[in-house]
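# Structure assessment
Single-letter residue listing:
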Amino acid sequence: MRKRGELREDCSTLISLDFALGNKYGSITTNAHVQTHNRNVFSDGSTRIDFVLVWEEPLGKEEPPSSENPQSTEETNTGVGPTHKKWRAEFLQKLRRSGLVQEQKEVLQAKKKICFVLLNAPWSVLCYYAEEISLRAPLQVVTAPITNWSEQIMSRMSLPNPLAQEVPNPPPDYYTCQFRANKLERFLGSDNQDTFFKTTQRHQVLYELLARTQYGSVKKGEVGIDRLVSEGVFTAAYPLHEGDYQLPKLPVALQSLGLRQILYGYWARWSCWRRYQPLDHIREYFGEKIALYFAWLGFYTGWLLPASLVGTVIFLIGFGLMATDVPAKEMCDSADAFIMCPICNICSYWNYSSICVTYRAGILFDNGGTVFLSVFMSLWAVTFLEYWKRTCSSLSHRWDCSEFQDIEERPRPEFTAMAPMTMRNPVTGSEEPYFPEKKRLNRTLTGCIIIIIMAMVLMILTAIILYRTMLSIIIYKSGYGFFSFSAGRIASLSGSVLNLIVILLLSRLYILLAHVLTRWEMHRTQTKYEDMFTLKVFIFQFVNFYSSPVYIAFFKGRFVGYPGNHNTLFGVRNEDCGAGGCLIDLAQELLVIMVGKQLINNIQEFITPKLKSWWQKRKLSATPKKTEEKEAQSQEDVSPWKVDYQLLVCEGLFNEYLEMVLQFGFITIFVAACPLAPFFALVNNWVEIRLDAQKFVTEYRRPVAERAQDIGIWFPILQFITHAAVLSNAFLIAFTSSFVPRLYYRYTRNDTLSGFINFTLATAPLSYQQKHNTTCRYRGFRDENGMYLPEYFQLLAIRLGFVIVFEHVVFFIGRLIDFMVPDVSEEVEMKIKREHYMAKEALAENQSLGKIIIIGDEDATPSSLRHRTSKISPQPTEPPSPNLSQIPEEIDAPNTH
């Protein structure tokens, strides 16, 4: 075994790859103009800053802690107590022993001193840890730019692409393999130690070293920068942004722009709303995890284009059907033919023809096109996920994450601080904090109390139902003509707005509750913690956001009863559907919740970061009394580490994913009720991409780059929503819309739908007529005694049959699409095989043995076989025996190229 930091010597001759070693890996492009002035350096002007640690200390007298409580309130609040000072000193000392170069800066303000520790990783440290965390290094440049499906279609049709843009300094793509220090000379650009490792890779190395450095007892979990930040020993730990994001005022060569300036100018500005995202640049600056989020968001937004187009066309077709619909004409021309029973206990009789406008408006959302839209969106969702898997595999390979396996993940800081015992880690062999699995299981099961908490949603939903009913009665009794006539619609709309406010308030409560429950379950690693937290929050929000639409779609108006025998809830008559049917009520609820939530979220995302950033800068911008940084620099030339300290801490991607996943549910689960939902989602996502881009480029501190293969647990959640959408749309069409009754009437009574209105109305029971000395009609399929007619059971059978046929057909076609669309394209498969081939030859300990194995590999590309044949001397008449000693002679033969 080799010791830590020891580099093994290897004298084996490696393959001769066809590339120039002069190309520099880590620069934005192979011939990019480097900015002349890099301010992310130490005082010597050359040593680059890889990471920054910060802590704050109050100025003035420091009172010693009391003997009874050594860790006084001062230590807890300011982080300057003796224990924290000891931990900090020990931590910085361990970092120096690990080989990191440090430089300390101080900024004195009116009431506090801010201390910055600038860190740099020398070449030997970078090489050791790059191998430890399996970073990948380049073998050969690949000229394969990212192509979008829309770009391919326009290219085949020879049409100009208005979405394309020329982004300067495109990062090159490489064939890569895992870095090995003893094979350094075989990697592209290894002759330049300053540019060999990319900036994000240097950040990853530094963070890995910071995360595993001890500062106290390992058994107590006193390890790593995360624990120190959570304890308040350090107030921040972050890598630096690469210069300012503002574009220069004077015209300059585009190649001289920094990567952050390129991202701002070609991605974050509002004028870029119709352009492709520079995903390679995003990955180069923020890492694969963040780049995959924006790739998924852009892919999802692109796929919303056909969905919104189809939904808008079907909505516009509804306008034509409003004028030609036979039942609508019959109802509007019925005058006093249909006298309807009162809709509440104090309401009066009314003419069915009085809701002509509302009934016609309902046709916009309830027509034959909604069936096609439901099928289309169900298949759209399945196809979208399948093609995203294909796109994700291509991106993960392009970004060197297709074979990424996370290293043995270290325990979370909170876990190490709260674990009751320690246990030897079977992987690392060290003692680590441990929490018994049985106790964790019990806590997880106890966490199922969330089901009881969800009863709060049902209680609030019931309260809103009662609110709508009672408000409609109050408005009706007011005596104002217009308001009395529209009492039900006013009550329904105000109830939707009230429901939205309650939903947004409960969302914050549920996220806090999910944090408490997940923390209490004591998950060891951050990945497991995030997965369980995400699952809990999604279940909370799924019930929170979708309970009201589900009630309107499948329960509202089902348990009303009939005249003389109405069902009640707390003494109030059960709520019935509006004049235009439950589908228009559902459309209204969806538009209020979905569009209202999007507007509020976008306003918050636009204003809140700016307010927080202003407050952060205001706190830290006090004029210093004196500073150690009194070099020859102008007053406005503020140090980059101080500028970045004034930025906001990156909040991660959880809220961004959650918002989009909930939106995905709205446009798929209830699309039959609102064809315009995909269009509103498309407009929102155009805004969302720019808001998120501006936050990451201009308002957040630069996060440490993280590797990722895909979007994680969010993909199974999207699959669940897709399956739920198929069932939901099937039941919506069968039981909520008028599609099945119209179809039944067309084939059993009259194919022109003449008389359909009368068919859907029942007559009040004889007992009711005798009691009130009048007759009236109500919607339903009952006889004069209030019993169900045979048509009701026939329709019920047809509806259930429609649900079964609908979901079977859609699921079958979905499976067929899954079968026909491979997760990995042939082009990517070939690239993976080519990369494997190059990695085998570049890193094989015994190159001759690797050569024999590769020659017999059936998966090798034809070009690879020809290339190897060209290096082998002419085959003799007698084939040589497969002796390893003979092959080096052929390989070492002079090259004739």
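Here's a quick rundown of the structure. (Residues numbered from 1 in each chain as written. Predicted model: local features only at pLDDT ≥ 70, side-chain atom pairs only at ≥ 80, totals over all residues. Heavy atoms only, no water.)

The next thing to look at is unusual backbone geometry. With a phi close to 60°, S134 is a non-glycine residue in the positive phi region. Inspection of the secondary structure assignment puts S134 in the loop between α3 (123–132) and β4 (136–142). Under the relative-accessibility criterion, S134 is labelled partly exposed at 25%. The backbone of N773 sits at a positive phi, close to 55°, despite the residue not being glycine. Among the structural elements, N773 can be located in the loop between α27 (766–772) and β16 (777–779). With a relative accessible area of 70%, N773 lands in the exposed category. (Helix = DSSP H or I, 4+ residues; strand = E, 2+ residues; numbered from the N terminus. Buried < 20%, exposed > 50% of the residue type's maximum accessible area, 1.4 Å probe, protein only.)

By the definition in use, this model includes 25 salt bridges. The partner of K695 in a salt bridge is D692, with the nearest N and O atoms 3.6 Å apart. Here D692 and K695 lie together in helix α23 (residues 677–699), a separation of three residues that amounts to about one turn. Residue class for K695 comes out buried when judged on its relative accessible area of 4%. With a relative accessible area of 0%, D692 lands in the buried category. Within this structure, E57, R88, E106 and K113 form a network of salt bridges that share partners. (Salt bridge = Lys/Arg side-chain N within 4 Å of Asp/Glu carboxyl O.)

What follows covers the sheet that holds strand β1 (residues 51–58). Sheet architecture is open: four strands sit in the order β2-β3-β1-β6, paired in antiparallel fashion. At either margin of the open sheet sits one strand with a lone partner, and together these are β2 (101–108) and β6 (236–238). Going from strand to strand, the sheet's axes swing by 20° on average, the running direction of each strand aside. Judged from the three bridges that link them, β1 and β6 form a sheet pairing that is antiparallel. Each bridged residue has a counterpart across the sheet, and for V54 the counterpart in β6 is A236. Seen against the sheet, helix α2 (residues 82–97) touches β1, β2 and β3 (112–120) and runs at an angle of roughly 160° to β1. Seen against the sheet, helix α5 (residues 199–212) touches β1 and β3 and runs at an angle of roughly 50° to β1. (Pairing = 2+ DSSP bridges. Axes fitted to C-alpha atoms, helices over the stretch in contact; angles between N-to-C directions. Contact = heavy atoms within 4.5 Å.)

Considering all chains together, one arrives at two disulfides under this definition. In this model, C332 is linked to C356 through a disulfide, with the two sulfur atoms separated by 1.8 Å. Residues C332 and C356 share a disulfide whose torsion about the S-S bond is about 90°; that sign makes it right-handed. Of this pair, C332 sits in helix α10 (residues 326–332) while C356 is found in helix α11 (residues 356–363), placing the two residues 24 residues apart along the sequence. An identical accessibility class is assigned to C332 and C356; each is buried. The disulfide that involves C341 links it to C776, with 1.8 Å between the sulfurs. Looking down the S-S bond of the C341 and C776 bridge, the torsion is 85°, so its handedness is right-handed. In this pair, C341 is assigned in the loop between β7 (339–340) and β8 (350–351) and C776 in the loop between α27 and β16, connecting sequence segments 435 residues apart. Across this residue pair, the class does not change: C341 and C776 are buried. (Disulfide = S-S within 2.5 Å.)

Their axes nearest at 8 Å, the elements helix α22 (residues 654–669) and helix α24 (residues 714–736) cross at an angle of 20°. By the criterion of interaxial angle, the relationship of α22 to α24 is roughly parallel. Two packed elements cross with a definite hand, and for α22 against α24 that hand is right-handed. Note on element contacts: α24 touches α22 through W714, I717, L718, I721, T722, A725, S728, N729 and L732, opposite F654, Y657, L658, V661, F664, G665, T668 and I669. Classifying every residue of the contact of α22 with α24 gives 12 nonpolar, five polar and no charged. (Parallel < 35°, antiparallel > 145°, perpendicular 65-115°, else oblique. Left-handed = near helix turned anticlockwise from the far one by under 90°. Nonpolar A, V, L, I, M, F, W, Y, C, P; charged D, E, K, R; others polar.)

In this section: helix α8 (residues 279–286). Given 3.6 residues per turn, any residue in an α-helix points the same way as the ones three and four places further on. Counting buried residues along α8, eight of its eight residues qualify, which places the element largely inside the surrounding structure. All buried positions along α8 are accounted for by L279, D280, H281, I282, R283, E284, Y285 and F286. Looking at the packing, one finds that the buried side of α8 touches α5, α7 (259–268), α9 (288–324), α12 (368–398) and α23. G287 sits one or two positions beyond α8 and adopts a positive phi of about 95°.

Glancing now at the side chain of R701. Along the chain, R701 falls in the loop between α23 and α24. E56 provides the closest opposite charge to the buried, salt-bridge-free R701, at an N-O distance of 7.3 Å. Contacts of R701, omitting those with residues within four sequence positions, involve A236, Y238, H241, Q616, D644, Y645, L647, L648, V649 and C650. (Lys, Arg positive; Asp, Glu negative; His and termini not counted.)

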